[in-house]
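Structural overview for review
Listed here are the chains, written in short residue letters.
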Amino acid sequence: MFVPCGSSAAPDFEGFTLLMPAVSVGNVGQLAVDLVIFTLDMPKVGYFYTDCLVPMVGNNPYAAAEENSAELSINAEVYSLPSRKLVVLQIRSPFVKNKYRSFCQTLLPWLKSSRCAKVILLSSSHAYQCDDQQLHGTPLRYLLSPAIQKTAGELMQRLNWKEMEKVAAYPGVNDTDMVLRIPGGGITTLLFSESCSNGIQMAVLLKFCSEGDNIPDALALVNYLNEWLQLVKSEQNSDGSATPSQWKIPHSWRLLFGSGLPPALF
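Structure report, in brief. (Residues numbered from 1 in each chain as written. Predicted model: local features only at pLDDT ≥ 70, side-chain atom pairs only at ≥ 80, totals over all residues. Heavy atoms only, no water.)

**Some details on the sheet that holds strand β8 (residues 118-126)**
Strands sit in the order β1-β3-β6-β7-β2-β8-β12-β9 across an open sheet of eight strands; the sheet is mixed. Every other strand in the sheet has two partners, leaving β1 (2-4) and β9 (140-144) as the edge strands with one partner each. Strand-to-strand twist of the sheet, defined as the mean angle between neighbouring strand axes without regard to direction, takes the value 25°. As defined by bridge partners, strand β3 (residues 44-48) adjoins strand β6 (residues 76-81) across three bridges and the pair is classed as antiparallel. Within β6, the position partnered with Gly46 by the bridge is Val78. Against the sheet, helix α6 (residues 215-229) makes contact with β2 (17-21), β8, β9 and β12 (202-209), and its axis sits at roughly 150° relative to β12, the strand it touches most. (Pairing = 2+ DSSP bridges. Helix = DSSP H or I, 4+ residues; strand = E, 2+ residues; numbered from the N terminus. Axes fitted to C-alpha atoms, helices over the stretch in contact; angles between N-to-C directions. Contact = heavy atoms within 4.5 Å.)

This is the structure we're talking about:
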């Protein structure tokens, strides 16, 4: 459940867009959400209390000065920017085994009670498990629940985005039964299907990628999101395409791969 910071009353999220990541391959969604929070300087308004995530505590990942560097962060925190009608749920730890469905049962009632206009889930999927048809064109895909199809479907077509393809349930045996599969996507498929069943306006934006240095994947995904929400201004390239160049990298990213090698090794 959502718990506001301090003793303040719960903020009003009616009509807001909720942005959240899936804990998926390469942590691409979480890194993309980091870019949004840090670039827009979004203040923390609370946290999401749940036993479905591995407990975790650490320093403020968005600290830019000594006065806020001692603040603590936990596994699921909520940030809000009323001027943009944007609220972000950042998840920083993996799910406890067999707790995916319990998390959905906790999250979806909060989404309904908060009356958010729509939910955007940032995710990723294993590139090495792409179907033949998914190897062509851009590695970026989207999904829309029936409840948001009317308001966002035409926009996706104008943006020339590619919808996530369904694949054969039994390849080589029965190619007529098609299903949605997002290998490496974590909670993505379950949360999307539950949102469809509950009438939640949800869009999933994802990227095919591999484990490694996933900063370029996060930048590609957040630029993809920016084409829709226009969170930062874009500059025109020589070929006429637009490239957002104003994403700010959190200082904590310097430790993504740990500290340097200790000199005592040599």
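**A word on α6**
For α6, which comprises 15 residues, the first-to-last C-alpha distance of 21 Å matches the rise-based estimate of 21 Å (1.5 Å per residue) to within 8%. Regarding α6, the residues found buried are Asp217, Ala218, Leu221, Val222, Tyr224, Leu225, Asn226 and Trp228. Backbone geometry just downstream of α6 places Gln230 in the positive-phi region, at approximately 55°. (Expected span 1.5 Å × (residues − 1). Buried < 20%, exposed > 50% of the residue type's maximum accessible area, 1.4 Å probe, protein only.)

**Quick look at helix α3 (residues 100-114)**
Helical geometry: 3.6 residues make up each α-helical turn, so side chains three or four residues apart lie on a common side. Helix length check: α3 (15 residues) gives 21 Å between terminal C-alpha atoms against 21 Å at 1.5 Å per residue, within 8%. For α3, the full list of buried residues reads Phe103, Cys104, Leu107, Leu108, Trp110, Leu111 and Ser114. Here the buried residues of α3 occupy an arc of 165° about the axis, which is enough to place them on one side. Pointing more than 90 degrees away from the buried face of α3 are the exposed residues Gln105 and Ser113. One or two steps after α3, the chain reaches Arg115, where phi turns positive at roughly 60°. (Arc of directions from axis to C-beta.)

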